[in-house]
Amino acid sequence: MRKPLVVALCALALAGAGATPAVAAAPSPTGADTTTGTAPATSLTDVVNDKVGAVADTLSGLTAPKSAAVNFAGTVSLSNCSGSVVRMPDSAASAPALVLTNGHCLESGFPAPGQVLTDRASSRTFGLLNASGAKVATLRADRLVYATMTDTDAAIYRLNTTYARIKSAYGIDPLTLSGSRPAAGTAISVVSGYWKRIYSCSVDGFAYRLKEGDWTWKDSVRYTSACDTIGGTSGSPVVDDATGKVVAVNNTGNEDGARCTVNNPCEVDQNGGVTVRQGINYAQQTYPFTACFTTGNRLDLSASGCTVPKP
């Protein structure tokens, strides 16, 4: 977990010197500003965000690896993170559209351990990207539907428009959440709307528990080393290359080899054994959410099969 906005502003200052977005992200959990008492990154104006995004587009385009099958259509850029417009397997085109990102990317700051937020007012904006990574629209939320950093690291916003309207206006479909747990060895792409960069690798395996600072996540996806994600990729959809469906949401990685600290998650097995994998990155599975949404994309935490943390 890192401060990508700091990186982007540095890139803005250094653009003429040929800086790249992969240059040293400042330490702090992936995607949101953790400074106590300060305003979240989303308090910046859209003008500043657009300028930062433009520089990120230019710089990332120099080095970004691209997947042949997976593109940017339906992904979004936040002021401090990445995300995607998503649908459940049975979501209707007329339903209010949803955006998926990380819980630690909230405009209000990190949820505390054990905290689950539901049905909160929000007017957060998202830059909608087309297949090539160009911003084609600014979408706006009207509610924060769900967010937590307990057991998983996810936030789901409801937009003030529908999938059908987005398709009609911009020709872009949402990404679909898979209802199944991914398997080890699955070829995946991590698609960052913040950096307009696609990372391609495979699911290396799963961490029974992933501990970072005060937070613990369950059954986390561990990438092979090729997905060397950086600050700003937080909240990126992790797409199964074979199906095109979202199987996880990118959230963290061990930067320095430290043990279970912020920016340095450790794996904890069923017996309490700890493993540190410096340079390896992780995501949180998203299939559990598919059982928690009913008709009209309404969140129902009491629905059969819904196992995500409750308030």
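What you see as residue numbers is a count from 1 along each chain, following the sequence as written. Totals for whole chains, interfaces and linings use all residues, but because this is a predicted model, local features are given only for residues with pLDDT of at least 70 and pairs of side-chain atoms are given and counted only at 80 or more. The side-chain quantities take in all heavy atoms of the structure and omit both hydrogens and water.

## A look at empty space enclosed by the protein
Cavities and pockets were defined on a 1 Å grid built from protein atoms only: a cavity is a group of points that admits a 1.4 Å probe but offers it no way out, a pocket is an open group of points flanked by protein on both sides within 12 Å along at least five of seven lines, and a lining residue is one with an atom within 4 Å of any such point. Grid points are joined across faces, edges and corners, and a volume is the space filled by probe spheres set on the points. Counted by the stated rule, this structure contains one cavity of 30 Å³ or more. Reported here for the largest cavity is a volume of approximately 30 Å³. Surrounding the largest cavity, G74, V85, L128, Y163, I166, I172, D173 and P174 form its lining. Side-chain classes follow a simple rule in which Ala, Val, Leu, Ile, Met, Phe, Trp, Tyr, Cys and Pro form the nonpolar group, Asp, Glu, Lys and Arg form the charged group, and the remainder, Gly included, forms the polar group. A per-class count over the lining of the largest cavity returns six nonpolar, one polar and one charged.

## What to know about the environment of I198
With respect to the secondary-structure elements, I198 resides in strand β10 (residues 197–212). Only protein chains enter the accessibility calculation, which uses a 1.4 Å probe; a residue is then buried when its area is under 20% of its type maximum, exposed when over 50%, and partly exposed in between. With a relative accessible area of 1%, I198 lands in the buried category. Each C-alpha atom, one on I198 and one on F72, is 8.2 Å from the other, the two residues being 126 residues apart in sequence. Under the scheme used here, helices are H or I runs from DSSP no shorter than 4 residues and strands are E runs no shorter than 2 residues, and both carry numbers assigned from the N terminus.

## Regarding the layout of surface pockets
What the second largest pocket holds in volume is close to 290 Å³. Lining the second largest pocket, in full, are D151, T152, K218, D219, Q284, Q285, Y287, P288, F289, T307, V308 and P309. Secondary structure elements with two or more residues in the lining of the second largest pocket: β11 (215–223) and β16 (281–285). Of the residues in the lining of the second largest pocket, the class split is five nonpolar, four polar and three charged.

## A word on the pattern of salt bridges
We define a salt bridge as a contact between a side-chain nitrogen of Lys or Arg and a carboxyl oxygen of Asp or Glu at a distance within 4 Å. Per the stated rule, a full pass over the model turns up nine salt bridges. For E107, the salt bridge is made with R124, and the minimal N-O distance between the two is 3.6 Å. Placement of the pair is E107 in the loop between β3 (96–101) and β4 (116–121) and R124 in the loop between β4 and β5 (125–129), with a sequence separation of 17 residues. Using a relative accessible area of 4% as the deciding quantity, one classes R124 as buried. Its salt-bridge partner being D151, residue K218 comes within 3.7 Å of it at the nearest N-O pair.

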